[in-house]
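Listed below are the residues making up each chain.
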Amino acid sequence: AMGDTFGRQARDHIARVKVEGVIANDRDMLALIADLKKKPRVKAVILDISSPGGTTVGGEAWYEAVRQLAAEKPVAASVGTLAASAGYMIASAADHIVARRSSIVGSIGVFFEYGEVSGLMDKIGVEIDAVKSSPLKAEPSPFHPASEEAKAMIGRIVDDSYDWFVRLVAERRKFDLAKARALADGSIYKGAQGLANGLV
């Protein structure tokens, strides 16, 4: 309370929010973003990003929170070591993105990873049985190779999420879809390359 009355926050200021590590649906951080929107002394916000990415849901939640904040106050993203994948998704929600020459940006894309340990199970002599309501329930399973149907199911999810991510980047960076897709092959770019390509 004393800080709000007599400290730095009692004056008009720019808030800096650190976005670090793996991106998740972090309720505390999302609540902080929502709170900054209501504080009249906060005149603008800098997102200080150093993240390799994270979950699609986490990236989406952050993106929406930042866009809501940006509707009320200027928001800039400052890329530290990297803003990749969901980290770049968050950066793209800002009004302006800056990066160091050696920062890493990009990795625009989506992946779904799963383990397959049937060979190990065979070696140690363990067999897994299951009774399922339908063939695609709980697929892909780590206990047997994925069926083509299971791969197709996961592929549809990945493709839909990827298309959404590409369109989001195209809209925020003012690219046509062809350019956005060309940059969204999963590649990472140094900050200088990102500047040349319009990603920062």
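Notes on the structure follow. (Residues numbered from 1 in each chain as written. Predicted model: local features only at pLDDT ≥ 70, side-chain atom pairs only at ≥ 80, totals over all residues. Heavy atoms only, no water.)

A word on the packing of helix H3 (residues 56–70) against helix H6 (residues 148–173). If you want to describe how two helices pack, look at the angle between their axes and the distance between the axes. Between H3 and H6, the least distance of the axes is 12 Å, while the angle of their chain directions is 25°. With respect to their mutual orientation, H3 and H6 come out roughly parallel. Both H3 and H6 take part in a crossing whose hand is left-handed. Packed against H3, whose contacting residues are Thr 56, Glu 60, Tyr 63 and Arg 67, the element H6 presents Ser 161, Trp 164, Leu 168 and Arg 172 at the interface. Per-class residue counts for the contact of H3 with H6 are three nonpolar, two polar and three charged. (Axes fitted to C-alpha atoms, helices over the stretch in contact; angles between N-to-C directions. Helix = DSSP H or I, 4+ residues; strand = E, 2+ residues; numbered from the N terminus. Parallel < 35°, antiparallel > 145°, perpendicular 65-115°, else oblique. Left-handed = near helix turned anticlockwise from the far one by under 90°. Contact = heavy atoms within 4.5 Å. Nonpolar A, V, L, I, M, F, W, Y, C, P; charged D, E, K, R; others polar.)

So, about a nonpolar patch on the surface. Residues Val 117, Leu 120, Ile 124, Val 126, Ile 128 and Phe 143 make up a contiguous nonpolar surface patch of roughly 490 Å² in combined accessible area. Note on Ile 128: relative accessible area 42%, which makes it partly exposed. (Patch = residues over 30% accessible without salt bridge, like charges linked within 9 Å, V, L, I, M, F, W, Y side chains within 5 Å. Areas by Shrake-Rupley, 256 points an atom, 1.4 Å probe, with all protein chains shown as cover. Salt bridge = Lys/Arg side-chain N within 4 Å of Asp/Glu carboxyl O. Buried < 20%, exposed > 50% of the residue type's maximum accessible area, 1.4 Å probe, protein only.)

Moving on, we get to the packing of helix H2 (residues 27–38) against H3. Where H2 contacts H3, the two axes come as close as 9 Å, and the packing angle between them is 10°. In terms of their interaxial angle, H2 and H3 are classed as roughly parallel. Residues Met 29, Leu 30, Ile 33, Leu 36 and Lys 37 of H2 lie in contact with H3, whose contacting residues are Ala 61, Trp 62, Ala 65, Val 66, Gln 68 and Leu 69.

The next thing to look at is the pattern of salt bridges. On inspection of all chains with the given rule, the structure shows nine salt bridges. Put simply, Asp 48 and Lys 18 hold a salt bridge, and the shortest N to O gap is 3.4 Å. Here Asp 48 is found in strand S2 (residues 42–54), whereas its partner Lys 18 is found in strand S1 (residues 13–23), with 30 residues between them in sequence. Classification of Lys 18 as partly exposed rests on a relative accessible area of 48%. The closest approach of N and O atoms between Lys 151 and Glu 148, which form a salt bridge, is 3.7 Å. Taken together, the positions of Lys 151 and Glu 148, both in helix H6 and three residues apart, correspond to about one turn of that helix. Overall, Glu 148 belongs to the exposed group, its relative accessible area being 55%. It is possible to trace a salt-bridge network through shared partners that takes in Arg 16, Lys 18 and Asp 48.

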